[in-house]
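This is what each chain is made of:
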Amino acid sequence: MKRILLIIALFAPICSRAAKEIVPQIVPAPQSIEMTKGSLKLKGIYINCDPALDARTVKAVKVFADRLSLVSGKTSSVASPVGLAASVDKGGRLSGLYFISDTRLAPESYELSISKKYAVVRVGDYNGALYALQTLRQMLPESIYGSTPDPSAKWSIPCCEIKDSPRFGYRGILLDCCRHFFSVEQVKKVLDVMYIFKLNRLHWHLTDDQGWRVEIDKYPKLTEIGAFRNGTMVGRDWDSNDGIRHGGYYTKEQIRDIVSYAAERGITVIPEIDLPGHMLAALASYPDLGCAGSAPYEVWSRWGVSKQVLNVGKEETMRFLEDICSEVAELFPGEYFNIGGDECPRDEWKTDPDCQAKIKELGLVTDEKASAEARLQNYVTARMQKFLASRGKKIIGWDEILEGELAEGATVMSWRGTSGGIKAASMGYDVIMSPNTYCYLDYAQSADLDNEPLGITRDPKRAVTLSKLYHYEPYDDLPAAAVGRILGVQCNLWTEYIATPEHLEYMLLPRLMALSEVQWCNADNKDYERFLSCLSGHELPILELLGYNYRKLD
Ligand code: ACM
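Residues numbered from 1 in each chain as written. Predicted model: local features only at pLDDT ≥ 70, side-chain atom pairs only at ≥ 80, totals over all residues. Heavy atoms only, no water.

Peer 1: Can you help me understand the sheet that holds strand 1 (residues 32-41) in this one?
Peer 2: Remark on secondary structure: sheet strands pair via backbone hydrogen bonds, oriented parallel or antiparallel. The strand order 1-7-5-6-4-2-3 describes an open sheet built from 7 strands, whose pairing is mixed. This sheet does not close on itself; its edge strands, each paired only once, are strand 1 and strand 3 (78-79). In this sheet, strand 6 (residues 118-123) lies alongside strand 5 (residues 110-114) in antiparallel orientation, the contact comprising 5 bridges. Paired with S113 across the strands is V120, a residue of strand 6. Its contacts with the sheet place helix 2 (residues 55-72) against strand 2 (47-49), strand 3 and strand 4 (96-101), and it is angled at close to 175 degrees to strand 2. (Pairing = 2+ DSSP bridges. Helix = DSSP H or I, 4+ residues; strand = E, 2+ residues; numbered from the N terminus. Contact = heavy atoms within 4.5 Å. Axes fitted to C-alpha atoms, helices over the stretch in contact; angles between N-to-C directions.)

Now the structure itself:
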(Lines give C-alpha, C1' and ligand atoms only; values in the text may rest on other atoms or scores of the structure.)
Protein backbone atom coordinates (compact mmCIF):
# COMPACT_ATOMS: atom_id res chain seq x y z
CA MET A 1 0.00 0.00 0.00
CA LYS A 2 2.82 2.34 0.99
CA ARG A 3 4.49 1.58 -2.32
CA ILE A 4 1.29 2.39 -4.25
CA LEU A 5 0.91 5.72 -2.45
CA LEU A 6 4.47 6.59 -3.20
CA ILE A 7 4.05 5.79 -6.85
CA ILE A 8 0.86 7.87 -6.99
CA ALA A 9 2.81 10.72 -5.42
CA LEU A 10 5.48 10.36 -8.05
CA PHE A 11 3.05 10.59 -10.92
CA ALA A 12 1.00 13.44 -9.46
CA PRO A 13 1.80 16.88 -10.83
CA ILE A 14 4.16 18.76 -8.58
CA CYS A 15 2.21 21.36 -6.67
CA SER A 16 3.56 24.78 -7.37
CA ARG A 17 2.84 28.46 -7.62
CA ALA A 18 3.63 30.21 -10.84
CA ALA A 19 6.58 32.44 -10.30
CA LYS A 20 8.66 34.75 -12.39
CA GLU A 21 11.99 32.99 -12.47
CA ILE A 22 14.81 33.14 -14.91
CA VAL A 23 14.01 30.67 -17.66
CA PRO A 24 16.92 28.29 -18.26
CA GLN A 25 18.80 28.85 -21.49
CA ILE A 26 18.03 25.67 -23.36
CA VAL A 27 18.67 25.20 -27.10
CA PRO A 28 16.65 23.91 -28.82
CA ALA A 29 13.92 25.46 -26.71
CA PRO A 30 11.60 22.88 -25.16
CA GLN A 31 8.07 22.86 -26.54
CA SER A 32 6.68 23.80 -23.15
CA ILE A 33 8.36 25.06 -20.02
CA GLU A 34 6.54 26.37 -17.02
CA MET A 35 8.70 27.86 -14.30
CA THR A 36 7.75 27.36 -10.65
CA LYS A 37 9.34 28.63 -7.48
CA GLY A 38 12.65 27.49 -6.06
CA SER A 39 15.27 25.07 -7.17
CA LEU A 40 16.42 21.51 -6.61
CA LYS A 41 19.96 20.79 -5.44
CA LEU A 42 21.61 18.22 -7.63
CA LYS A 43 24.93 18.09 -5.82
CA GLY A 44 25.19 14.62 -4.29
CA ILE A 45 21.67 13.71 -5.41
CA TYR A 46 20.45 10.12 -5.39
CA ILE A 47 19.31 9.01 -8.82
CA ASN A 48 16.69 6.28 -9.13
CA CYS A 49 16.12 4.32 -12.29
CA ASP A 50 12.85 2.59 -13.01
CA PRO A 51 13.48 -1.16 -13.54
CA ALA A 52 11.59 -0.85 -16.82
CA LEU A 53 14.41 1.28 -18.29
CA ASP A 54 16.77 -0.57 -20.57
CA ALA A 55 20.46 -1.06 -19.81
CA ARG A 56 21.76 1.59 -22.20
CA THR A 57 19.41 4.21 -20.75
CA VAL A 58 20.68 3.39 -17.27
CA LYS A 59 24.23 3.62 -18.62
CA ALA A 60 23.51 7.11 -20.02
CA VAL A 61 22.10 8.16 -16.65
CA LYS A 62 25.27 6.84 -14.97
CA VAL A 63 27.46 8.81 -17.38
CA PHE A 64 25.53 11.92 -16.35
CA ALA A 65 25.79 11.06 -12.64
CA ASP A 66 29.53 10.38 -12.84
CA ARG A 67 30.17 13.70 -14.54
CA LEU A 68 27.97 15.51 -12.05
CA SER A 69 29.90 13.87 -9.18
CA LEU A 70 33.23 14.84 -10.71
CA VAL A 71 32.46 18.49 -11.37
CA SER A 72 30.29 19.17 -8.32
CA GLY A 73 32.73 17.48 -5.95
CA LYS A 74 30.05 15.30 -4.32
CA THR A 75 29.00 11.83 -5.37
CA SER A 76 25.63 11.38 -7.06
CA SER A 77 24.89 7.68 -7.17
CA VAL A 78 22.50 5.75 -9.37
CA ALA A 79 20.30 2.95 -8.08
CA SER A 80 20.33 0.59 -10.98
CA PRO A 81 17.66 -0.57 -11.41
CA VAL A 82 15.71 -0.94 -8.21
CA GLY A 83 12.01 -0.72 -7.37
CA LEU A 84 10.91 2.85 -6.89
CA ALA A 85 9.70 2.29 -3.33
CA ALA A 86 13.08 0.92 -2.32
CA SER A 87 14.72 4.21 -3.13
CA VAL A 88 12.46 6.43 -1.07
CA ASP A 89 14.18 7.94 1.96
CA LYS A 90 13.66 6.87 5.61
CA GLY A 91 11.17 9.58 6.37
CA GLY A 92 8.95 8.28 3.58
CA ARG A 93 9.51 11.49 1.65
CA LEU A 94 10.54 11.47 -1.91
CA SER A 95 13.92 12.89 -2.69
CA GLY A 96 16.33 12.56 -5.53
CA LEU A 97 16.01 12.29 -9.26
CA TYR A 98 13.62 9.65 -10.63
CA PHE A 99 13.97 8.33 -14.16
CA ILE A 100 10.76 6.64 -15.23
CA SER A 101 9.91 4.80 -18.41
CA ASP A 102 6.64 6.10 -19.80
CA THR A 103 5.77 4.37 -23.01
CA ARG A 104 2.76 6.64 -23.55
CA LEU A 105 5.18 9.35 -24.61
CA ALA A 106 5.88 9.84 -28.32
CA PRO A 107 9.27 8.76 -29.72
CA GLU A 108 12.15 10.95 -28.51
CA SER A 109 9.93 12.76 -26.01
CA TYR A 110 10.48 13.40 -22.35
CA GLU A 111 8.96 15.26 -19.45
CA LEU A 112 10.72 16.85 -16.51
CA SER A 113 8.91 17.73 -13.35
CA ILE A 114 11.26 19.46 -10.94
CA SER A 115 10.30 20.47 -7.41
CA LYS A 116 12.46 21.60 -4.50
CA LYS A 117 12.64 18.07 -3.06
CA TYR A 118 12.77 15.81 -6.06
CA ALA A 119 12.51 15.60 -9.80
CA VAL A 120 10.73 13.14 -12.01
CA VAL A 121 11.99 12.50 -15.51
CA ARG A 122 9.65 10.56 -17.76
CA VAL A 123 11.07 9.18 -20.95
CA GLY A 124 9.42 7.38 -23.82
CA ASP A 125 12.52 5.75 -25.29
CA TYR A 126 16.31 5.90 -25.36
CA ASN A 127 16.51 9.16 -27.29
CA GLY A 128 13.91 10.70 -24.98
CA ALA A 129 16.20 9.82 -22.05
CA LEU A 130 19.25 11.28 -23.79
CA TYR A 131 17.40 14.51 -24.50
CA ALA A 132 16.11 14.76 -20.94
CA LEU A 133 19.73 14.43 -19.81
CA GLN A 134 20.84 17.09 -22.28
CA THR A 135 18.17 19.43 -21.00
CA LEU A 136 19.29 18.79 -17.42
CA ARG A 137 22.88 19.54 -18.44
CA GLN A 138 21.81 22.77 -20.08
CA MET A 139 20.13 23.83 -16.85
CA LEU A 140 23.40 23.37 -14.95
CA PRO A 141 26.59 25.45 -14.93
CA GLU A 142 28.65 25.08 -18.10
CA SER A 143 31.33 23.19 -16.21
CA ILE A 144 29.07 20.09 -16.37
CA TYR A 145 30.41 19.72 -19.93
CA GLY A 146 34.02 19.62 -18.80
CA SER A 147 36.03 17.47 -16.45
CA THR A 148 37.44 20.13 -14.17
CA PRO A 149 36.01 20.10 -10.63
CA ASP A 150 33.97 23.22 -9.97
CA PRO A 151 32.48 22.57 -6.50
CA SER A 152 31.66 26.21 -5.79
CA ALA A 153 29.30 26.51 -8.78
CA LYS A 154 25.55 26.44 -8.16
CA TRP A 155 24.73 22.77 -8.67
CA SER A 156 20.99 23.12 -8.70
CA ILE A 157 18.28 23.29 -11.31
CA PRO A 158 15.25 25.58 -11.29
CA CYS A 159 11.87 24.12 -10.39
CA CYS A 160 9.82 23.80 -13.54
CA GLU A 161 7.61 21.58 -15.63
CA ILE A 162 8.93 20.71 -19.08
CA LYS A 163 7.08 18.76 -21.73
CA ASP A 164 9.19 18.27 -24.78
CA SER A 165 9.20 16.42 -28.07
CA PRO A 166 10.72 17.16 -31.47
CA ARG A 167 8.77 18.72 -34.30
CA PHE A 168 10.56 16.51 -36.84
CA GLY A 169 11.82 12.95 -36.55
CA TYR A 170 14.68 13.53 -39.03
CA ARG A 171 17.13 16.15 -37.75
CA GLY A 172 20.24 15.88 -39.83
CA ILE A 173 23.61 17.23 -40.83
CA LEU A 174 25.50 16.16 -43.96
CA LEU A 175 29.24 15.86 -43.55
CA ASP A 176 31.26 15.74 -46.76
CA CYS A 177 34.46 13.80 -46.07
CA CYS A 178 35.29 13.47 -49.79
CA ARG A 179 36.30 16.94 -50.88
CA HIS A 180 38.43 16.99 -47.77
CA PHE A 181 39.09 14.03 -45.56
CA PHE A 182 38.45 14.37 -41.82
CA SER A 183 39.75 12.08 -39.11
CA VAL A 184 37.63 9.70 -37.03
CA GLU A 185 38.21 12.02 -34.04
CA GLN A 186 36.86 14.99 -35.98
CA VAL A 187 33.78 13.08 -37.12
CA LYS A 188 33.18 12.17 -33.47
CA LYS A 189 33.55 15.81 -32.45
CA VAL A 190 30.79 16.67 -34.94
CA LEU A 191 28.65 13.89 -33.45
CA ASP A 192 29.29 15.24 -29.95
CA VAL A 193 27.96 18.68 -30.79
CA MET A 194 25.02 17.22 -32.71
CA TYR A 195 24.13 15.29 -29.55
CA ILE A 196 24.19 18.37 -27.33
CA PHE A 197 21.64 20.03 -29.61
CA LYS A 198 19.46 16.95 -30.13
CA LEU A 199 20.20 16.22 -33.79
CA ASN A 200 19.71 12.58 -34.69
CA ARG A 201 20.94 11.87 -38.25
CA LEU A 202 24.44 12.12 -39.70
CA HIS A 203 24.30 11.92 -43.49
CA TRP A 204 27.83 10.84 -44.30
CA HIS A 205 28.93 11.73 -47.84
CA LEU A 206 31.52 9.03 -48.49
CA THR A 207 32.13 8.97 -52.23
CA ASP A 208 32.71 11.63 -54.84
CA ASP A 209 34.83 12.69 -57.81
CA GLN A 210 37.51 13.96 -55.42
CA GLY A 211 37.88 10.89 -53.22
CA TRP A 212 36.51 7.50 -52.21
CA ARG A 213 36.37 7.13 -48.43
CA VAL A 214 34.94 3.73 -47.54
CA GLU A 215 36.81 0.42 -47.52
CA ILE A 216 35.22 -2.18 -49.80
CA ASP A 217 36.65 -5.70 -49.54
CA LYS A 218 35.65 -6.79 -53.01
CA TYR A 219 37.16 -3.71 -54.71
CA PRO A 220 40.39 -2.81 -52.88
CA LYS A 221 41.52 -0.36 -55.56
CA LEU A 222 38.72 2.00 -54.49
CA THR A 223 40.81 2.86 -51.45
CA GLU A 224 44.27 2.08 -52.84
CA ILE A 225 43.74 4.44 -55.77
CA GLY A 226 40.40 6.22 -55.36
CA ALA A 227 41.01 7.52 -51.85
CA PHE A 228 43.89 9.81 -52.87
CA ARG A 229 44.27 12.68 -55.30
CA ASN A 230 47.45 14.21 -56.60
CA GLY A 231 46.85 17.70 -55.36
CA THR A 232 44.02 20.15 -55.05
CA MET A 233 43.16 23.32 -56.96
CA VAL A 234 44.24 26.47 -55.18
CA GLY A 235 41.54 28.99 -54.27
CA ARG A 236 39.34 29.60 -57.29
CA ASP A 237 41.98 28.90 -59.89
CA TRP A 238 40.55 25.89 -61.71
CA ASP A 239 43.76 25.23 -63.59
CA SER A 240 46.00 25.23 -60.55
CA ASN A 241 47.15 22.33 -58.42
CA ASP A 242 48.95 22.63 -55.09
CA GLY A 243 50.77 19.36 -55.82
CA ILE A 244 50.01 18.02 -52.35
CA ARG A 245 48.66 14.49 -52.30
CA HIS A 246 45.42 14.53 -50.31
CA GLY A 247 43.19 11.72 -49.13
CA GLY A 248 42.37 8.98 -46.70
CA TYR A 249 39.58 6.55 -46.05
CA TYR A 250 37.74 4.86 -43.22
CA THR A 251 38.33 1.19 -42.58
CA LYS A 252 35.30 -0.95 -41.84
CA GLU A 253 36.40 -1.14 -38.23
CA GLN A 254 36.55 2.66 -38.00
CA ILE A 255 33.13 2.93 -39.58
CA ARG A 256 31.64 0.47 -37.09
CA ASP A 257 33.24 2.47 -34.30
CA ILE A 258 31.71 5.73 -35.59
CA VAL A 259 28.30 4.12 -36.09
CA SER A 260 28.31 2.80 -32.54
CA TYR A 261 29.63 6.07 -31.10
CA ALA A 262 26.79 7.86 -32.88
CA ALA A 263 24.16 5.35 -31.74
CA GLU A 264 25.18 5.86 -28.13
CA ARG A 265 24.34 9.53 -28.71
CA GLY A 266 21.00 8.76 -30.32
CA ILE A 267 22.32 9.44 -33.82
CA THR A 268 21.82 7.21 -36.84
CA VAL A 269 24.52 7.44 -39.48
CA ILE A 270 23.20 7.25 -43.05
CA PRO A 271 25.82 6.50 -45.70
CA GLU A 272 25.74 8.17 -49.09
CA ILE A 273 27.21 6.36 -52.08
CA ASP A 274 26.63 9.01 -54.72
CA LEU A 275 25.70 7.38 -58.02
CA PRO A 276 25.78 7.24 -61.01
CA GLY A 277 27.53 10.63 -61.29
CA HIS A 278 30.17 11.95 -58.89
CA MET A 279 32.03 8.67 -59.49
CA LEU A 280 35.39 9.74 -60.88
CA ALA A 281 37.34 8.33 -57.93
CA ALA A 282 35.71 4.94 -58.61
CA LEU A 283 36.47 5.23 -62.33
CA ALA A 284 40.12 6.08 -61.60
CA SER A 285 40.21 2.82 -59.63
CA TYR A 286 38.26 0.67 -62.12
CA PRO A 287 38.48 2.35 -65.57
CA ASP A 288 36.65 -0.53 -67.28
CA LEU A 289 33.42 0.77 -65.75
CA GLY A 290 33.54 3.99 -67.79
CA CYS A 291 31.87 4.99 -71.02
CA ALA A 292 33.40 4.58 -74.46
CA GLY A 293 36.15 7.07 -75.22
CA SER A 294 36.08 8.57 -71.74
CA ALA A 295 39.36 7.30 -70.20
CA PRO A 296 41.87 8.19 -68.86
CA TYR A 297 40.64 8.85 -65.36
CA GLU A 298 42.21 10.56 -62.40
CA VAL A 299 40.81 11.30 -58.95
CA TRP A 300 39.80 14.91 -59.40
CA SER A 301 41.91 17.74 -58.07
CA ARG A 302 39.29 20.39 -58.79
CA TRP A 303 35.78 21.19 -57.61
CA GLY A 304 32.60 21.02 -59.65
CA VAL A 305 31.10 17.95 -61.26
CA SER A 306 33.02 15.66 -63.59
CA LYS A 307 31.35 14.78 -66.89
CA GLN A 308 32.97 11.35 -66.67
CA VAL A 309 30.30 9.04 -65.28
CA LEU A 310 29.68 5.35 -64.82
CA ASN A 311 28.68 3.27 -67.81
CA VAL A 312 25.38 2.07 -66.46
CA GLY A 313 24.54 0.32 -69.72
CA LYS A 314 26.93 -2.46 -68.69
CA GLU A 315 25.68 -5.19 -66.37
CA GLU A 316 29.17 -5.34 -64.86
CA THR A 317 28.79 -1.74 -63.62
CA MET A 318 25.42 -2.44 -62.06
CA ARG A 319 26.83 -5.48 -60.27
CA PHE A 320 29.73 -3.33 -59.05
CA LEU A 321 27.21 -0.86 -57.56
CA GLU A 322 25.21 -3.66 -55.98
CA ASP A 323 28.31 -5.25 -54.47
CA ILE A 324 29.43 -1.93 -53.01
CA CYS A 325 26.02 -1.07 -51.62
CA SER A 326 25.75 -4.55 -50.16
CA GLU A 327 29.01 -4.16 -48.22
CA VAL A 328 28.14 -0.62 -47.15
CA ALA A 329 24.60 -1.54 -46.09
CA GLU A 330 26.04 -4.13 -43.72
CA LEU A 331 28.01 -1.44 -41.91
CA PHE A 332 25.07 0.86 -41.25
CA PRO A 333 22.14 -0.56 -39.29
CA GLY A 334 19.73 2.32 -39.97
CA GLU A 335 16.69 1.98 -42.22
CA TYR A 336 17.91 4.47 -44.87
CA PHE A 337 20.64 4.40 -47.49
CA ASN A 338 21.38 7.50 -49.57
CA ILE A 339 22.15 6.80 -53.22
CA GLY A 340 22.85 10.42 -54.16
CA GLY A 341 21.64 10.78 -57.73
CA ASP A 342 22.44 14.49 -58.02
CA GLU A 343 24.11 16.34 -60.86
CA CYS A 344 24.73 13.36 -63.10
CA PRO A 345 25.91 14.64 -66.49
CA ARG A 346 24.36 12.30 -69.03
CA ASP A 347 26.33 13.44 -72.08
CA GLU A 348 28.57 10.35 -72.20
CA TRP A 349 25.50 8.10 -72.20
CA LYS A 350 24.30 9.73 -75.43
CA THR A 351 27.18 8.26 -77.39
CA ASP A 352 28.13 5.19 -75.41
CA PRO A 353 27.07 2.01 -77.25
CA ASP A 354 26.29 0.08 -74.03
CA CYS A 355 24.09 2.85 -72.66
CA GLN A 356 22.30 3.31 -75.96
CA ALA A 357 21.76 -0.45 -76.23
CA LYS A 358 20.32 -0.46 -72.71
CA ILE A 359 18.02 2.43 -73.58
CA LYS A 360 16.80 0.44 -76.57
CA GLU A 361 16.43 -2.77 -74.60
CA LEU A 362 14.37 -1.00 -71.92
CA GLY A 363 12.31 0.89 -74.54
CA LEU A 364 13.19 4.26 -73.02
CA VAL A 365 12.12 7.27 -75.02
CA THR A 366 12.65 10.99 -74.93
CA ASP A 367 9.40 12.88 -74.45
CA GLU A 368 8.26 16.22 -73.01
CA LYS A 369 8.73 14.89 -69.46
CA ALA A 370 12.25 13.46 -69.64
CA SER A 371 15.03 12.42 -71.98
CA ALA A 372 15.84 8.75 -72.63
CA GLU A 373 19.10 9.29 -70.72
CA ALA A 374 17.23 10.73 -67.73
CA ARG A 375 15.07 7.62 -67.85
CA LEU A 376 18.22 5.52 -67.90
CA GLN A 377 19.09 7.15 -64.58
CA ASN A 378 15.56 6.29 -63.38
CA TYR A 379 16.36 2.68 -64.24
CA VAL A 380 19.54 2.86 -62.14
CA THR A 381 17.66 4.44 -59.23
CA ALA A 382 14.85 1.88 -59.39
CA ARG A 383 17.27 -0.99 -59.62
CA MET A 384 19.30 0.22 -56.64
CA GLN A 385 16.09 0.87 -54.72
CA LYS A 386 14.99 -2.71 -55.30
CA PHE A 387 18.42 -4.09 -54.49
CA LEU A 388 18.70 -2.10 -51.28
CA ALA A 389 15.18 -3.13 -50.29
CA SER A 390 16.48 -6.72 -50.42
CA ARG A 391 19.08 -5.59 -47.87
CA GLY A 392 16.37 -4.05 -45.67
CA LYS A 393 17.01 -0.43 -46.69
CA LYS A 394 14.87 2.39 -48.00
CA ILE A 395 16.53 4.86 -50.35
CA ILE A 396 16.99 8.58 -50.07
CA GLY A 397 18.16 10.55 -53.09
CA TRP A 398 18.72 14.17 -54.04
CA ASP A 399 15.81 15.86 -55.80
CA GLU A 400 17.12 14.97 -59.29
CA ILE A 401 15.78 11.43 -58.70
CA LEU A 402 12.33 12.92 -59.23
CA GLU A 403 13.10 13.75 -62.89
CA GLY A 404 11.27 11.25 -65.09
CA GLU A 405 9.86 8.39 -63.03
CA LEU A 406 10.46 7.54 -59.39
CA ALA A 407 9.16 4.41 -57.71
CA GLU A 408 7.01 4.57 -54.61
CA GLY A 409 8.80 4.45 -51.29
CA ALA A 410 11.80 6.63 -52.18
CA THR A 411 12.55 9.65 -50.02
CA VAL A 412 13.53 12.87 -51.76
CA MET A 413 16.08 15.27 -50.34
CA SER A 414 15.27 18.74 -51.64
CA TRP A 415 18.47 20.69 -52.22
CA ARG A 416 17.86 22.92 -55.27
CA GLY A 417 15.75 25.27 -53.21
CA THR A 418 12.45 24.08 -51.84
CA SER A 419 10.56 23.39 -55.08
CA GLY A 420 11.72 19.78 -55.49
CA GLY A 421 10.63 19.01 -51.95
CA ILE A 422 7.26 20.69 -52.40
CA LYS A 423 6.67 18.80 -55.64
CA ALA A 424 7.78 15.47 -54.19
CA ALA A 425 5.67 15.88 -51.02
CA SER A 426 2.66 16.86 -53.16
CA MET A 427 3.18 13.67 -55.18
CA GLY A 428 3.17 11.60 -51.99
CA TYR A 429 6.90 10.99 -51.49
CA ASP A 430 8.54 11.46 -48.14
CA VAL A 431 10.80 14.48 -48.15
CA ILE A 432 13.74 15.86 -46.25
CA MET A 433 14.10 19.59 -46.74
CA SER A 434 17.67 20.68 -47.28
CA PRO A 435 17.38 23.72 -49.55
CA ASN A 436 20.65 25.37 -50.53
CA THR A 437 18.92 28.71 -50.01
CA TYR A 438 18.79 28.15 -46.23
CA CYS A 439 20.64 24.98 -45.36
CA TYR A 440 24.03 25.04 -47.09
CA LEU A 441 26.68 25.48 -44.45
CA ASP A 442 29.42 25.89 -47.05
CA TYR A 443 27.83 29.23 -47.97
CA ALA A 444 29.22 32.27 -46.18
CA GLN A 445 27.68 33.30 -42.86
CA SER A 446 27.59 36.95 -43.78
CA ALA A 447 27.13 39.03 -46.93
CA ASP A 448 30.39 40.75 -46.06
CA LEU A 449 32.36 38.20 -48.07
CA ASP A 450 35.67 40.01 -47.69
CA ASN A 451 35.60 39.21 -44.02
CA GLU A 452 34.62 35.59 -44.38
CA PRO A 453 36.82 32.67 -45.42
CA LEU A 454 36.87 31.84 -49.12
CA GLY A 455 33.78 29.81 -49.87
CA ILE A 456 31.79 28.10 -52.57
CA THR A 457 29.69 31.11 -53.56
CA ARG A 458 30.76 34.67 -54.24
CA ASP A 459 27.24 36.04 -54.27
CA PRO A 460 26.59 37.96 -51.04
CA LYS A 461 22.84 37.48 -51.55
CA ARG A 462 23.31 33.76 -51.08
CA ALA A 463 24.88 34.09 -47.65
CA VAL A 464 23.27 31.78 -45.10
CA THR A 465 23.36 33.97 -42.05
CA LEU A 466 22.45 32.67 -38.62
CA SER A 467 19.23 34.66 -38.81
CA LYS A 468 18.33 33.41 -42.27
CA LEU A 469 18.74 29.79 -41.28
CA TYR A 470 16.92 30.36 -38.00
CA HIS A 471 13.89 31.78 -39.80
CA TYR A 472 13.60 28.94 -42.29
CA GLU A 473 10.08 27.48 -42.16
CA PRO A 474 9.94 24.05 -43.85
CA TYR A 475 6.16 24.15 -44.38
CA ASP A 476 6.21 27.40 -46.37
CA ASP A 477 4.43 27.07 -49.74
CA LEU A 478 3.50 23.47 -49.01
CA PRO A 479 -0.08 22.33 -49.68
CA ALA A 480 -1.73 21.32 -46.40
CA ALA A 481 -2.17 17.74 -47.60
CA ALA A 482 1.57 17.40 -48.17
CA VAL A 483 2.73 18.66 -44.78
CA GLY A 484 2.81 15.18 -43.27
CA ARG A 485 5.34 14.10 -45.89
CA ILE A 486 8.11 16.30 -44.50
CA LEU A 487 10.23 13.99 -42.40
CA GLY A 488 12.57 16.72 -41.36
CA VAL A 489 15.32 19.16 -42.16
CA GLN A 490 19.02 18.81 -42.82
CA CYS A 491 21.93 21.21 -43.27
CA ASN A 492 24.79 20.25 -45.56
CA LEU A 493 28.42 20.83 -44.82
CA TRP A 494 30.16 20.41 -48.17
CA THR A 495 33.88 20.79 -47.87
CA GLU A 496 35.37 21.95 -51.17
CA TYR A 497 36.78 25.05 -49.52
CA ILE A 498 37.00 23.61 -46.02
CA ALA A 499 40.28 21.82 -45.40
CA THR A 500 40.84 22.01 -41.66
CA PRO A 501 38.93 21.03 -38.51
CA GLU A 502 38.96 24.68 -37.35
CA HIS A 503 37.34 25.86 -40.57
CA LEU A 504 34.86 22.98 -40.48
CA GLU A 505 33.74 23.95 -36.98
CA TYR A 506 33.63 27.63 -37.91
CA MET A 507 31.18 26.87 -40.73
CA LEU A 508 29.13 24.53 -38.53
CA LEU A 509 28.84 26.67 -35.43
CA PRO A 510 26.78 28.35 -34.26
CA ARG A 511 24.55 27.70 -37.29
CA LEU A 512 24.00 24.13 -36.07
CA MET A 513 22.19 25.60 -33.06
CA ALA A 514 19.87 27.66 -35.30
CA LEU A 515 19.22 24.49 -37.28
CA SER A 516 18.40 22.62 -34.08
CA GLU A 517 15.54 25.04 -33.39
CA VAL A 518 14.25 24.73 -36.98
CA GLN A 519 14.26 20.95 -36.56
CA TRP A 520 13.02 20.70 -32.99
CA CYS A 521 10.75 23.65 -32.18
CA ASN A 522 7.24 24.17 -33.41
CA ALA A 523 7.08 27.35 -35.48
CA ASP A 524 5.26 29.28 -32.75
CA ASN A 525 7.89 28.31 -30.22
CA LYS A 526 10.78 29.99 -31.98
CA ASP A 527 12.03 33.37 -30.89
CA TYR A 528 15.24 34.73 -32.38
CA GLU A 529 15.91 37.19 -29.56
CA ARG A 530 15.59 34.46 -26.94
CA PHE A 531 17.77 32.18 -29.08
CA LEU A 532 20.53 34.80 -29.39
CA SER A 533 20.47 35.49 -25.70
CA CYS A 534 20.79 31.73 -24.98
CA LEU A 535 23.74 31.59 -27.34
CA SER A 536 25.68 34.42 -25.79
CA GLY A 537 24.65 33.58 -22.22
CA HIS A 538 25.14 29.87 -22.18
CA GLU A 539 25.62 27.89 -25.40
CA LEU A 540 28.68 29.62 -26.82
CA PRO A 541 30.52 29.29 -23.50
CA ILE A 542 29.77 25.55 -23.70
CA LEU A 543 31.39 25.42 -27.16
CA GLU A 544 34.30 27.42 -25.77
CA LEU A 545 34.77 25.00 -22.89
CA LEU A 546 34.64 22.01 -25.22
CA GLY A 547 37.23 23.52 -27.54
CA TYR A 548 35.11 24.11 -30.63
CA ASN A 549 35.94 26.88 -33.05
CA TYR A 550 32.85 28.90 -33.94
CA ARG A 551 31.88 32.13 -35.64
CA LYS A 552 31.36 34.91 -33.14
CA LEU A 553 27.95 36.56 -33.14
CA ASP A 554 27.65 39.82 -35.13
C1 ACM B 1 24.25 18.84 -54.03
O2 ACM B 1 24.53 19.88 -53.42
N3 ACM B 1 24.81 18.58 -55.21
C4 ACM B 1 23.31 17.88 -53.48
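Peer 1: Explain the pairing of strand 16 (residues 394-398) to me, please; I cannot follow it from the model alone.
Peer 2: Consecutive side chains along a regular strand alternate between the two faces of the sheet. Counting buried residues along strand 16, 4 of its 5 residues qualify, which places the element largely inside the surrounding structure. Pairing analysis gives 3 bridges linking strand 15 (residues 336-340) to strand 16, with the strands arranged parallel. In the sheet register, Y336 faces strand 16, and the bridge partner there is K394. Where strand 16 and strand 17 (residues 411-414) come together, 3 bridges link them in parallel fashion. Within the sheet, the bridge partner assigned to I396 lies in strand 17 and is T411. (Buried < 20%, exposed > 50% of the residue type's maximum accessible area, 1.4 Å probe, protein only.)

Peer 1: How should I be thinking about the pattern of salt bridges in this particular structure?
Peer 2: Counting across every chain of the model gives 32 salt bridges. The salt bridge partner of K189 is E505, with a shortest N-O separation of 3.0 Å. Here E505 lies in helix 15 (residues 501-508) and K189 lies in helix 4 (residues 184-196), a separation of 316 residues in the sequence. Judged by relative accessible area, E505 falls into the buried class, the value being 4%. (Salt bridge = Lys/Arg side-chain N within 4 Å of Asp/Glu carboxyl O.)

Peer 1: Sorry, what's going on with the side chain of E161 here?
Peer 2: Secondary-structure assignment places E161 in strand 7 (residues 156-164). Of the buried charged residues, E161 lacks a salt bridge, with K163 as the closest side chain of opposite charge at 5.2 Å. Within the local environment of E161, its side chain forms a polar contact with the side chain of S113, the two groups lying 2.9 Å apart. (Lys, Arg positive; Asp, Glu negative; His and termini not counted. Polar contact = N/O pair within 3.5 Å; in protein donor to acceptor, adjacent residues only side chain to side chain.)

Peer 1: How do you make sense of unusual backbone geometry when you look at a structure like this?
Peer 2: Cis geometry marks the peptide bond from V27 to P28; its omega dihedral reads -5 degrees. Structurally, P28 can be placed in the loop between helix 1 (2-11) and strand 1. In this model, L275 is joined to P276 through a cis peptide bond whose omega is 0 degrees. In this model, E343 sits at a positive phi of 45 degrees, which is unusual for a non-glycine residue. As for its placement among the helices and strands, E343 is situated in the loop between strand 15 and helix 9 (347-351). Phi at D477 takes a positive value of approximately 65 degrees, unusual for a residue other than glycine. Relative to the assigned elements, D477 resides in the loop between helix 14 (466-470) and strand 19 (486-493).

Peer 1: Looking at this model, I keep getting lost on the environment of S76. Mind explaining?
Peer 2: Structurally, the position occupied by S76 is in the loop between helix 2 and strand 3. Here the alpha-carbon distance between S76 and F64, two residues 12 residues apart in the chain, equals 9.3 Å. Those residues in contact with S76 that sit more than four places away from it in its chain are L42, K43, G44, I45, A65, L68 and S69.

Peer 1: What's the story with the packing of aromatic side chains in this structure? I'm lost.
Peer 2: Each aromatic ring pair is specified by the distance between its two centres and by the angle formed by the two planes. Here the structure, examined in full by the defined rule, presents 18 aromatic pairs. Judged by centre distance (6.3 Å) and plane angle (85 degrees), the ring pair of Y98 and Y118 falls under edge-to-face. Separated by 20 residues along the polypeptide, Y98 in strand 4 and Y118 in strand 6 bring together distant segments of the chain. With respect to class, Y98 is no different from Y118; both count as buried. A cation over an aromatic ring shows up here: R167 above the ring of Y475, its NZ or CZ 4.4 Å from the ring centre. Lying across the ring of W520, K198 places its NZ or CZ 5.7 Å from the centre. (Phe/Tyr/Trp six-rings, centres within 6.5 Å; stacked < 30°, edge-to-face > 60°. Lys NZ or Arg CZ within 6 Å of the ring centre and 35° of its normal.)

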